[in-house]
Amino acid sequence: MDLTELTIKQAHEGLKKGDFTSVDLTKAYLEKIKKSDLNSFLSVTEDLALSQAEEADAAFAKGYGAQGKKIGMLCGIPCAIKDAILVEGQKCTAASKILENYIAPYDATVIKKLKEQGAVILGKTNLDEFAMGGSGENSAFGPTKNPHDKTRVAGGSSSGSAAAVASGEACYSLGSDTGGSIRLPSSFCGVTGLKPTYGAVSRYGLIAFGSSLDQIGPIAKNVEDAEIVFKAISGKDKMDATSTDYKFEESNISLKGLKIGVPKEYFVEGIDKEVEKITRNSIKKAENQGAKIIEISLPSVEFALACYYIIAPCEASANLARFDGIKYGLSEKGKDLLDVYLKSKGHGFGAEVKRRIMIGTYALSSGYYDAYYKKAQEVRQLIKQDFAKAFEKVDLIFCPVSPVPAIKIGERTGDPLSMYLMDIYTVSVNLAGLPGLSMPVGKIGDLPVGLQIIGNHFQENKILSVASYIEKLLT
Amino acid sequence: MISKEEVQHIAKLARLELTENEVEKMQKDLSAILDYFNLLKKAPSPAKILQEQNFGGQARKDEILPRDASLAEKIIAAAPDKKDDYIKVKTVF
């Protein structure tokens, strides 16, 4: 039996029955990581993982966890964490030269929650620098390769988190999603990724990119696992004022009678014919099971990409101002304070990060603010209204995740705008603060294609329940 | 096309040192991206413009939350230049 093929639920059962130990499981994953050439991990936290595995085994031997608590589903299960989320005492680089040697001084709230469950942390995964990118190629430490075709990208920005799960280098992982960064790599790598509702999961300890958009979420081997992890990390946290008191309600919503909205604006020119076919096929399968398919219109989504690529860089230009060579990270010598700032940022940030800081600074600068930032905020309001109207008529929205399957490494790196266009179906969800899931529903040759399921605010239960029905239809 | 001087001005506001090559590349990239943003001119304005877009969540009370003293040490330890419990900063002028 290959232990790295087990889902969370299966591994949990095996640990409970004593078929294998968490140390066995952890070693199996560590072995896979060592042999891998995907570049999905930036650092492997072997010592931490093995000590956590030993603790988990002790808990299973006793029959209860720390402080006499019931053993959780994630106890002893090895996971990988995007290297933009702080794990105390471990490096956290955000895949940037500017944080190459930064050691996290505390645990992010999601890490605290995983540790309380007895999770095993295998290491920190590769990403586009500061989570800015759709392909994974903007990492200062090299691109993550797609496990299904190593000449292609894994998708970004949570590139390593998706590739690791797809290739059995972790049982599940955490990613973050500002404009598609969980859903896009999940689609490209053929795994299941959930971008939760804005406010459902605390971002405390996530290196901030676009604070009105950022959300942490799970990447897993199947829908059930994604749900297990989501339940473990969600909820109110006093360290993140935007987090809400949210209790996940178990639900069993099947396809029969379900009203599925399909936005007509999402099937126009620019979408790969095969991607369209696979997406429509999975919608058809839902219809055959009794779902009602309703064509809907989201008239403002044509502006979503432009809106996103103003708002996200504006927020990034403010958030990244903190990397100034004083408090942490790379610090270049200079003749005065300004010189230290200029050189540290100039040498520490990569090309895409600089580009976004420049766009954001430009759009917020005097004379341009109204035309760009203010206008984008108004358009954001329209996009939110479009979705609100749609959800008066439908339960969920089905659409593609990306207009294309995984692209070749280097294919779009020379043209930033063409790279941004890969995010065309994902950014609206972040602008509207909605939950969205990507699940594998087909393949073009070796390359997986994901279906995106969007729900209304805090309706992750509906998304996950329906997704698990779709999953059964496909297998 | 956005001018070289404009790129240099924005870079200075952003506290970014750019090389000659980077300035040239930035002129090209920013111009293409800003052109794309022109699409927004076609977008209507909302009937009622909200000043704030509330996503739920609320600011916490302005109060001191107890934290472990060792956290301060770890945070200072991360600073590139320090003396005792202080972070050193270059002179402003």
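This section reports on the structure supplied with the text. Since we're looking at a predicted model, the values are computed, not measured.

Together, B:Asp68, B:Glu73, B:Asp84 and B:Asp85 make up a negatively charged patch on the protein surface. Overall, B:Glu73 belongs to the exposed group, its relative accessible area being 58%.

With 51 residues of chain B in contact, the opposing surface of chain A contributes 65 residues. Taking both partners together, chain B and chain A bury about 5100 Å²; carbon and sulfur atoms supply 69% of that area. At the boundary of chain B with chain A, the tally comes to 4 salt bridges. Residues A:Glu302 and B:Lys42 are paired through a salt bridge, measuring 3.4 Å at the closest nitrogen-oxygen approach. Here the element with the most residues in the side of chain B that touches chain A is helix α2 (residues 20-37) of chain B; it accounts for 10 residues. Here the residues of the side of chain B that touches chain A are counted per class, giving 33 nonpolar, 5 polar and 13 charged.

Here we take up the side chain of A:Thr7. Residue and element names in this part refer to chain A. Inspection of the secondary structure assignment puts Thr7 in the segment before α1 (8-17). Judged by its relative accessible area of 12%, Thr7 is buried. With near-sequence residues (within four places) excluded, Thr7 lies in contact with Cys171, Lys221, Asn222 and Asp225.

So, on to the packing of aromatic side chains. Across all of its chains, the model carries 17 aromatic pairs over all chains by this definition. The ring of A:Tyr469 is capped by A:Lys472, whose NZ or CZ atom sits 4.8 Å from the centre of that ring.

Another point: helix α2 (residues 22-35) of chain A. Residues and elements named next belong to chain A. End to end, α2 covers 20 Å across 14 residues, agreeing with the expected 20 Å (1.5 Å per residue, within 8%). For α2, every residue scored as buried is listed here: Ser22, Val23, Leu25, Thr26, Tyr29, Leu30 and Ile33. The buried side chains of α2 occupy one side of the element, clustering within an arc of 160 degrees when seen end-on. Exposed residues on α2 whose side chains face more than 90 degrees from its buried face are Lys34 and Lys35. Elements in contact with the buried residues of α2: α1, β1 (41-44), α3 (46-62), β2 (78-82) and β3 (120-125). At the N-terminal boundary of α2, the capping side chain belongs to Thr21, with an oxygen 3.4 Å from the backbone nitrogen of Val23.

Residue and element names in this part refer to chain A. Tracing the backbone shows Cys314 in helix α9 (residues 304-319). In this structure Cys314 comes out as buried when scored by relative accessible area, which is 2%. Separated by 48 residues in the primary sequence, Cys314 and Tyr362 have C-alpha atoms spaced 8.4 Å apart.

The rules behind each value
- Residues numbered from 1 in each chain as written.
- Chains lettered and ligands numbered in written order.
- Predicted model: local features only at pLDDT ≥ 70, side-chain atom pairs only at ≥ 80, totals over all residues.
- Heavy atoms only, no water.
- Patch = residues over 30% accessible without salt bridge, like charges linked within 9 Å, V, L, I, M, F, W, Y side chains within 5 Å.
- Areas by Shrake-Rupley, 256 points an atom, 1.4 Å probe, with all protein chains shown as cover.
- Salt bridge = Lys/Arg side-chain N within 4 Å of Asp/Glu carboxyl O.
- Lys, Arg positive; Asp, Glu negative; His and termini not counted.
- Charge placed at Lys NZ, Arg CZ, Asp CG, Glu CD.
- Buried < 20%, exposed > 50% of the residue type's maximum accessible area, 1.4 Å probe, protein only.
- Contact = heavy atoms within 4.5 Å.
- Buried area = accessible area lost by both parts, 1.4 Å probe.
- Helix = DSSP H or I, 4+ residues; strand = E, 2+ residues; numbered from the N terminus.
- Nonpolar A, V, L, I, M, F, W, Y, C, P; charged D, E, K, R; others polar.
- Phe/Tyr/Trp six-rings, centres within 6.5 Å; stacked < 30°, edge-to-face > 60°.
- Lys NZ or Arg CZ within 6 Å of the ring centre and 35° of its normal.
- Expected span 1.5 Å × (residues − 1).
- Arc of directions from axis to C-beta.
- Polar contact = N/O pair within 3.5 Å; in protein donor to acceptor, adjacent residues only side chain to side chain.

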